[in-house]
Amino acid sequence: DVKVTQSSRYLVKRTGEKVFLECVQDMDHENMFWYRQDPGLGLRLIYFSYDVKMKEKGDIPEGYSVSREKKERFSLILESASTNQTSMYLCASSPRGLGNSPLHFGNGTRLTVT
Amino acid sequence: ILNVEQSPQSLHVQEGDSTNFTCSFPSSNFYALHWYRWETAKSPEALFVMTLNGDEKKKGRISATLNTKEGYSYLYIKGSQPEDSATYLCAQRNYNQGGKLIFGQGTELSVKP
């Protein structure tokens, strides 16, 4: 089974802090994604990556950046955390191509910015 | 951004009831429709990926249908059990959006024993 591991289940950070959310997958998937989930809004795509060192903006990239130095690891960075970034963050991966493969998700990181 | 809409937002049923909910999406340039189940404190898991108009898929007591011409998919649960309690997400992949998955807001199902 594919395993997608997010480094923290819960995080509490202060406004203005730089925050790193880490995600590692163990199935050699080329595609990796970061979503955030807010009540009533569904999952919204922040950034995604189709390969090492490659990144693409999703629908809500403002205030975020990403890093993919190794195939198995995709990091989401909040350069200066703000209270409106309090949310559930989900990482996902899938094999190469835009075919019919489903996403494999991590357990999520619930981030609170105070 | 495409609109993927799910209804109802939440549903409360008794154990043994059968239930269904809807995912609506723009029908043009359709590529694929995904269904996921997200239980509390767990990661979302894929139920179905459907691509062809008229597709029907089944996994145990859960089944789904797809109508790409009119832009909707139904998810059915036969004889709901408390362990079916979860949020059910649908997501559409569309050629217009560079292949990105666009998620609906989810249907939260609660099954009472």
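From a predicted model like this one, the values you see are computed outputs, not experimental measurements.

(A) The overall build of chain A, seen in detail. Regarding its fold elements, chain A presents zero helices and twelve strands. Counting from the amino terminus, helix and strand elements in chain A follow one another as β-β-β-β-β-β-β-β-β-β-β-β. Relative to its length of 114 residues, chain A is compact, with a C-alpha radius of gyration of 13 Å against a globular reference of 13 Å. Out of the 114 residues belonging to chain A, those deemed buried represent 46%. Here the analysis covers contacts within chain A between residues at least 6 apart in sequence; of these, 56% occur between residues at least 24 apart. Surface accessibility of chain A: about 5,500 Å² in total, with carbon and sulfur atoms responsible for 49%. For chain A, the centre of its 16 positive side-chain charges and the centre of its 14 negative side-chain charges are spaced 5 Å apart.

(B) The overall build of chain B, seen in detail. Tallying secondary structure elements over chain B gives zero helices and eleven strands in all. Reading chain B from its N end, one meets helices and strands in the order β-β-β-β-β-β-β-β-β-β-β. Over its C-alpha trace chain B gives a radius of gyration of 14 Å, about what one expects of a compact globule, namely 13 Å for 113 residues. Reported as C-alpha extents along the three principal axes, the dimensions of chain B are approximately 45 × 30 × 20 Å. Relative to its 113 residues, chain B shows a buried fraction of 49%. Pairs at least 24 residues apart make up 55% of the contacts formed inside chain B by residues separated by at least 6 positions. Carbon and sulfur atoms make up 43% of the accessible area of chain B, which totals about 5,300 Å². Averaging the coordinates of the 11 positive side-chain charges in chain B and doing the same for the 11 negative ones gives two points 6 Å apart.

(C) Representation of the pattern of salt bridges in the model. Residue and element names in this part refer to chain A. This model, assessed by the stated rule, comprises eleven salt bridges over all chains. Ionic pairing is found between E79 and K18, a salt bridge with its closest N-O pair at 3.6 Å. With a gap of 61 residues between them, E79 in the loop between β9 (73-78) and β10 (87-94) and K18 in the loop between β2 (10-13) and β3 (19-21) connect regions that are remote in the sequence. A relative accessible area of 45% means that K18 is categorised as partly exposed. When the shortest N-O distance is used, the salt bridge between D28 and K71 registers 3.1 Å. Taken together, the residues D28 in the loop between β4 (23-25) and β5 (31-38) and K71 in the loop between β8 (64-70) and β9 connect sequence positions 43 residues apart. Given the relative accessible area of 52%, D28 is considered exposed. Judged by relative accessible area, which is 23%, K71 ranks as partly exposed. What you see here is one network of salt bridges that share partners, running through D28, E30, K71 and R96.

(D) Molecular detail of the interface of chain B and chain A. Listed per partner, the contact involves 24 residues of chain B and 23 residues of chain A. Counting the surface lost from both chain B and chain A, the interface buries some 1,800 Å², and carbon and sulfur atoms represent 60% of this. Sorting the residues of chain B by area buried against chain A places W38, K100 and F103 of chain B first, and these three jointly supply 28% of that buried surface. Seen at the junction of chain B and chain A, the total is zero salt bridges. Counting every contact that joins chain B to chain A gives three residue pairs in polar contact (both at pLDDT 80 or more). At five residues, strand β4 (residues 30-38) of chain B tops the list of elements feeding residues into the side of chain B that touches chain A. Classifying every residue of the side of chain B that touches chain A gives 13 nonpolar, eight polar and three charged.

Thresholds, definitions, all that
- Residues numbered from 1 in each chain as written.
- Chains lettered and ligands numbered in written order.
- Predicted model: local features only at pLDDT ≥ 70, side-chain atom pairs only at ≥ 80, totals over all residues.
- Heavy atoms only, no water.
- Helix = DSSP H or I, 4+ residues; strand = E, 2+ residues; numbered from the N terminus.
- Rg over C-alpha atoms; globule rule 2.2 N^0.38 Å.
- Buried < 20%, exposed > 50% of the residue type's maximum accessible area, 1.4 Å probe, protein only.
- Contact = heavy atoms within 4.5 Å.
- Areas by Shrake-Rupley, 256 points an atom, 1.4 Å probe, with all protein chains shown as cover.
- Lys, Arg positive; Asp, Glu negative; His and termini not counted.
- Charge placed at Lys NZ, Arg CZ, Asp CG, Glu CD.
- Salt bridge = Lys/Arg side-chain N within 4 Å of Asp/Glu carboxyl O.
- Buried area = accessible area lost by both parts, 1.4 Å probe.
- Polar contact = N/O pair within 3.5 Å; in protein donor to acceptor, adjacent residues only side chain to side chain.
- Nonpolar A, V, L, I, M, F, W, Y, C, P; charged D, E, K, R; others polar.

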